[in-house]
Amino acid sequence: DQERFDRLRYVELKHGRISQLAFLGNIITRAGVHLGGNIDYSGDSFDSYPNGLAALFGPDSVPDKGTVQIFCFIGLLELFVMKDIEGT
């Protein structure tokens, strides 16, 4: 039906935009551009972590608590911020 089709179209566009942002973020960090400052209170800077999947898996990866925070933040965005608004 039309309602299901519209929902699937919305979800496809949303995931496409997220994929584009992820790709752009990966390209930018691989080019050596990192946020300034420290990522935590112990003084680790953003550029002290590797790029790509090595940032999640490996000896120099982001700590597990940091990874959980990232996924929780993405979940909150998905549930409360990135909503389908009728008429837009």
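Fair warning: this is a prediction, and the values are worked out from it, not measured in the lab. (Residues numbered from 1 in each chain as written. Predicted model: local features only at pLDDT ≥ 70, side-chain atom pairs only at ≥ 80, totals over all residues. Heavy atoms only, no water.)

Asks: Sorry, what's going on with the overall build of the protein chain here?
Replies: Of regular secondary structure, the protein chain possesses two helices and zero strands. Here the C-alpha radius of gyration of the protein chain, 17 Å, is well above what a compact globule of 88 residues would show, namely 12 Å. Projected onto its principal axes, the C-alpha coordinates of the protein chain cover approximately 50 × 25 × 25 Å. Residues classed as buried in the protein chain amount to 9% of the 88 residues present. With an accessible surface of roughly 7600 Å², the protein chain has 63% of that area assigned to carbon and sulfur atoms. Within the protein chain, one finds 8 positive and 12 negative side-chain charges whose respective centroids are separated by 5 Å. (Helix = DSSP H or I, 4+ residues; strand = E, 2+ residues; numbered from the N terminus. Rg over C-alpha atoms; globule rule 2.2 N^0.38 Å. Buried < 20%, exposed > 50% of the residue type's maximum accessible area, 1.4 Å probe, protein only. Areas by Shrake-Rupley, 256 points an atom, 1.4 Å probe, with all protein chains shown as cover. Lys, Arg positive; Asp, Glu negative; His and termini not counted. Charge placed at Lys NZ, Arg CZ, Asp CG, Glu CD.)

Asks: Please explain a negative patch on the surface as it appears in this structure.
Replies: Residues Asp 1, Glu 3, Asp 6, Asp 84 and Glu 86 make up a contiguous surface patch of negative charge. Turning to its location among the elements, Asp 1 is positioned in the segment before helix H1 (2-30). The class of Asp 1 is exposed, set by a relative accessible area of 72%. (Patch = residues over 30% accessible without salt bridge, like charges linked within 9 Å, V, L, I, M, F, W, Y side chains within 5 Å. Salt bridge = Lys/Arg side-chain N within 4 Å of Asp/Glu carboxyl O.)

Asks: Looking at this structure, I do not really get the pattern of salt bridges. What am I missing?
Replies: Opposite charge on two side chains makes pairing possible when the charged atoms of those side chains draw close. Scanning the entire structure with this criterion turns up one salt bridge. Between Lys 14 and Glu 78 there is a salt bridge, with the nearest N and O atoms lying 2.8 Å from each other. You can see Lys 14 sitting in helix H1 and its partner Glu 78 sitting in helix H2 (residues 64-81), a full 64 residues away along the chain.

Asks: Help me understand the environment of Asp 60 in this model?
Replies: Position of Asp 60 relative to the elements: it lies in the loop between H1 and H2. Looking at Asp 60, the relative accessible area reads 52%, which means it is exposed. C-alpha separation for the pair Asp 60 and Ser 48, spaced twelve residues apart in sequence, amounts to 8.3 Å. The residues touching Asp 60, leaving out its near neighbours within four places in the chain, are Tyr 49 and Pro 50. (Contact = heavy atoms within 4.5 Å.)

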